[in-house]
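Topology and contacts: notes
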Amino acid sequence: MASEKPILYSYFRSSCSWRVRIALALKGISYDVVPVNLLKDGGQQFSAEFKAMNPMQQVPALKIDGITLSQSLAIIHYLEDTRPNPRILPQDPKKRAQVRMIADHIVSGIQPLQNLKVLQQIGEKKMEWAQNCITSGFQALEQILQHTAGRYCVGDEVSMADLCLVPQVFNAERFKVDMGPYPIITRINKALLELEAFKVSHPSQQPDTPAELRA
């Protein structure tokens, strides 16, 4: 396996990048960050240099073990396959399926509907649009968690589902979604934010975090 230090192409407020930062922190993987500002210069992700690396022109991208990977869950699955300790996918098939279900619910059913590219197309009603997308998704997620949650999304161990939950709650708060109807989501999010891996990966702690947003 290649010995070069992994390089993460990331944007501080990108929820997809945050998922990967949490996974890297949980697994104790040291890495370098190359910030990609999604707003500056019309979006640095659209540069020819970045497009050559990731044709989808999105963050995150991770250079690791001699390959370049994009898409947050693909990256997380690779980290799990190659560096399985600590596990973020349960060994029990039913719990593993529940983790994947919740992760997909967020990364396919909520986040893409309110990401930067979509909101730029929506225009002046982007706040209302984002609130509606997140509220609809959280109503379903809260119901699912009634059957799967322990301390965290699935039982009492941190899993890939939790890596997806926390950044999405951050987005909800940013778009001023009323979290009152979602006590399970709120409780789990609070518990996760007490863990070191979630603290060090937080958008307020990144190399490219603007000074006014630093914790």
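Preceding this paragraph is the structure being described.
Residues numbered from 1 in each chain as written. Predicted model: local features only at pLDDT ≥ 70, side-chain atom pairs only at ≥ 80, totals over all residues. Heavy atoms only, no water.

1. A closer look at helix α8 (residues 183-192)
Listed in full, the buried residues belonging to α8 are I184, I185, I188, N189, A191 and L192. For α8, the angular spread of buried residues about the axis comes to 160 degrees, placing them on one side. Facing away from the buried surface of α8 by more than 90 degrees, the exposed residues are P183 and K190. Summarising the contacts, the buried residues of α8 are in contact with α6 (126-148), α7 (160-174) and α9 (196-200). (Buried < 20%, exposed > 50% of the residue type's maximum accessible area, 1.4 Å probe, protein only. Helix = DSSP H or I, 4+ residues; strand = E, 2+ residues; numbered from the N terminus. Arc of directions from axis to C-beta. Contact = heavy atoms within 4.5 Å.)

2. Remarks on the state of the cysteines
Tallied over the entire structure, the rule returns 0 disulfides. Free cysteine: C133, not disulfide-bonded; nearest cysteine sulfur from C16 at 15 Å. In this structure C153 is not part of a disulfide, and its nearest cysteine sulfur, from C164, lies 8.6 Å away. With relative accessibility at 0%, the residue C153 sits in the buried group. (Disulfide = S-S within 2.5 Å.)

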